[in-house]
Amino acid sequence: MKRFYPAIASVLCAVAVVAAVLQLVRVSSEIRRQSTVDEAQPADVILVLGAAEYRGRPSPVLEARLNHALFLYHQNMAPRIMTTGGKGGDPTFTEGEVAHSYLSHHEVPSEAILVESEGETTVHSIAAAAEIMRRMNLKSCIVVSDGYHIYRVKKMLETMGMQAYGSPRPERTAEDPDSWRQRWVYARQAIAYELWRMGVPV
């Protein structure tokens, strides 16, 4: 009888691996679908996910996110914009502060800008942003980021009791969603999402 134990263990391992792969495929599909959907509607705040900054200037990705947030703000979708992101590799500037400066230079009043500047990962930034929202009694937000990022961020916010709507930044050049590069992007986000569900902050 003992000789069957390794075989049973092998079968169970194989079943677990197949189940994990199927789950990642399912989540990747959901991420892809969410990445192309603009759910923007009136909310309490526009939440802009941080991205790289270069010596106090937003990177092209961060600038595109901020420009989309500006568009939504001027469409009266929300009375406030919250920027997020810590220092990353920059000892002087944070993504959140650089984004705040950019919005101020584009005539958004300081009182309409909220800043989360401590988060070093998406998980940390979203937890801090949700805490700011709770303190200010803000219950809904429009999430602005790259499309592939929004599914995971929405799920995080929803588990914290927030109503979140996704609004991906426009892409300069539309990439084929079925390309291997895009599939890998979705797969990485699916892995990050599953790790977050298991309590691993990434």
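The shown structure was predicted, so the numbers you read here are calculated from the model rather than taken from an experiment.

Here we come to the overall build of the protein chain. Summing up its helical and strand segments, the protein chain has 6 helices and 7 strands in all. Along the chain direction, N to C, the helices and strands of the protein chain fall in the order α-β-β-β-α-β-α-β-α-β-α-β-α. With the C-alpha coordinates of the protein chain rotated into their principal frame, the extents come out at 75 × 35 × 35 Å. Within the protein chain, the proportion of its 202 residues that are buried is 44%. Residue pairs in contact within the protein chain that sit at least 24 positions apart in sequence constitute 71% of those at least 6 positions apart.

Let us now look at a nonpolar patch on the surface. Taken together, the side chains of Val17, Val21 and Val25 make up a nonpolar region of the molecular surface, amounting to roughly 260 Å² of accessible area. Here valine 17 shows up in helix 1 (residues 4-35).

Applying the stated criterion to the full structure yields 2 aromatic pairs. Arranged with centres 5.4 Å apart and planes meeting at 70°, the rings of tyrosine 151 and tyrosine 193 form a pair that is edge-to-face. In this pair, tyrosine 151 is assigned in helix 5 (residues 147-159) and tyrosine 193 in helix 6 (residues 180-197), connecting sequence segments 42 residues apart. Its relative accessible area of 6% is what places tyrosine 151 among the buried residues. Ring centres 5.8 Å apart and planes at 35° place the aromatic pair tyrosine 193 and tryptophan 196 in the tilted group. Separated by 3 residues within a single helix, tyrosine 193 and tryptophan 196 lie in helix 6, roughly one turn from each other. Assigned by exposure class, tyrosine 193 and tryptophan 196 land together as buried. Here the aromatic residues Tyr151, Tyr193 and Trp196 are joined through ring pairs into a cluster of three or more. A cation over a ring is seen here: arginine 183 above tryptophan 180, with NZ or CZ 5.1 Å from the ring centre.

The alternating pattern of strand 4 (residues 81-84) places Ile81 and Thr83 on one face and Met82 and Thr84 on the opposite face, and all of these are buried. One ladder, built from 3 bridges, connects strand 1 (residues 45-48) with strand 4; its direction is parallel. Its bridge partner lying in strand 4, isoleucine 46 is registered against isoleucine 81. Relative to strand 5 (residues 113-116), strand 4 runs parallel, the two being bridged by 4 bridges. Bridging from a neighbouring strand, isoleucine 81 pairs with isoleucine 113 of strand 5. Between strand 4 and its parallel partner strand 5, the chain crosses via helix 3 (residues 95-105), and the hand of that crossover is right-handed.

Conventions used here
Residues numbered from 1 in each chain as written. Predicted model: local features only at pLDDT ≥ 70, side-chain atom pairs only at ≥ 80, totals over all residues. Heavy atoms only, no water. Helix = DSSP H or I, 4+ residues; strand = E, 2+ residues; numbered from the N terminus. Buried < 20%, exposed > 50% of the residue type's maximum accessible area, 1.4 Å probe, protein only. Contact = heavy atoms within 4.5 Å. Patch = residues over 30% accessible without salt bridge, like charges linked within 9 Å, V, L, I, M, F, W, Y side chains within 5 Å. Areas by Shrake-Rupley, 256 points an atom, 1.4 Å probe, with all protein chains shown as cover. Salt bridge = Lys/Arg side-chain N within 4 Å of Asp/Glu carboxyl O. Phe/Tyr/Trp six-rings, centres within 6.5 Å; stacked < 30°, edge-to-face > 60°. Lys NZ or Arg CZ within 6 Å of the ring centre and 35° of its normal. Pairing = 2+ DSSP bridges. Right-handed = clockwise from strand over helix to strand, strands pointing away.

Don't take any of this as a statement about function, it's just geometry.
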